[in-house]
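Working through the structure, step by step
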Amino acid sequence: MEEKQIVVVLADGFEEIEALSPIDMLRRAGAHVTVAGLGKKIIVSSHRVTFVADAIFEQVAGQEWDGIILPGGGKGAEHLAESEAVLTTAVRLFAEGKLVAAICASPAVVLGASGILEGRHVTCFPGADKAAPAIAFDHSRRVIADGNLITSQGAGTALDFAMEIVGYLYGPEAEKALKERVVY
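As the structure is a prediction and not an experimental result, all values here were calculated from the model. (Residues numbered from 1 in each chain as written. Predicted model: local features only at pLDDT ≥ 70, side-chain atom pairs only at ≥ 80, totals over all residues. Heavy atoms only, no water.)

**With respect to the pairing of strand β2 (residues 32–37)**
- With 5 of its 6 residues buried, β2 lies for the most part within the structure.
- Across 6 bridges, the pairing between strand β1 (residues 5–10) and β2 is parallel. Bridge pairing in β2 links Ile 6 to Val 33.
- In this sheet, strand β5 (residues 55–56) lies alongside β2 in parallel orientation, the contact comprising 2 bridges. From the neighbouring strand, Gly 37 faces β5, where its bridge partner is Ile 56. (Buried < 20%, exposed > 50% of the residue type's maximum accessible area, 1.4 Å probe, protein only. Helix = DSSP H or I, 4+ residues; strand = E, 2+ residues; numbered from the N terminus. Pairing = 2+ DSSP bridges.)

The following block contains the structure:
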């Protein structure tokens, strides 16, 4: 199985489980996951846990990635949305048919004005959709995959989100095998 190159972007104020679930499950599935801090390597999460990233996002943004994952968390999503490098990378990867995955506030706050969500079936944290009023978010589903775009609602859906990403990148058999290994 081909090793996929995935970047997970952390910004101060990110929601821990929304980042760690996909990082953990993707590494278990065989992906090479680069955890990249926005503007720095030391990132403080929404619950004041300090994380050390593998790289600074702006220094690796232009690399060839098979996908980008944008965790939520109110302040974290706001910081991601302020980054031209994040927006440019997400739009580039989306246009190349590569994975763009966002959870919690990030679908609306980060991707809402990018054009990526237009005409797509997507979800986000209920209430965060106010950041992108032109997008019709579906809050009836915890995770929604629409082509190369995967969106999810929040911390409680993080493991479902991670498994959907594994299935997208490696196929349903790999997802099923991983679910069995972790007693999902």
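**Considerations on the side chain of Glu 15**
- Residue placement: Glu 15 occurs in the loop between β1 and α1 (16–29).
- The charged side chain of Glu 15 is buried without a salt bridge, its nearest counter-charge being Arg 48 at 11 Å.
- The residues contacting Glu 15, other than those within four sequence positions of it, are Ser 46, His 47, Pro 71, Gly 72, Gly 73 and Ala 155. (Lys, Arg positive; Asp, Glu negative; His and termini not counted. Salt bridge = Lys/Arg side-chain N within 4 Å of Asp/Glu carboxyl O. Contact = heavy atoms within 4.5 Å.)

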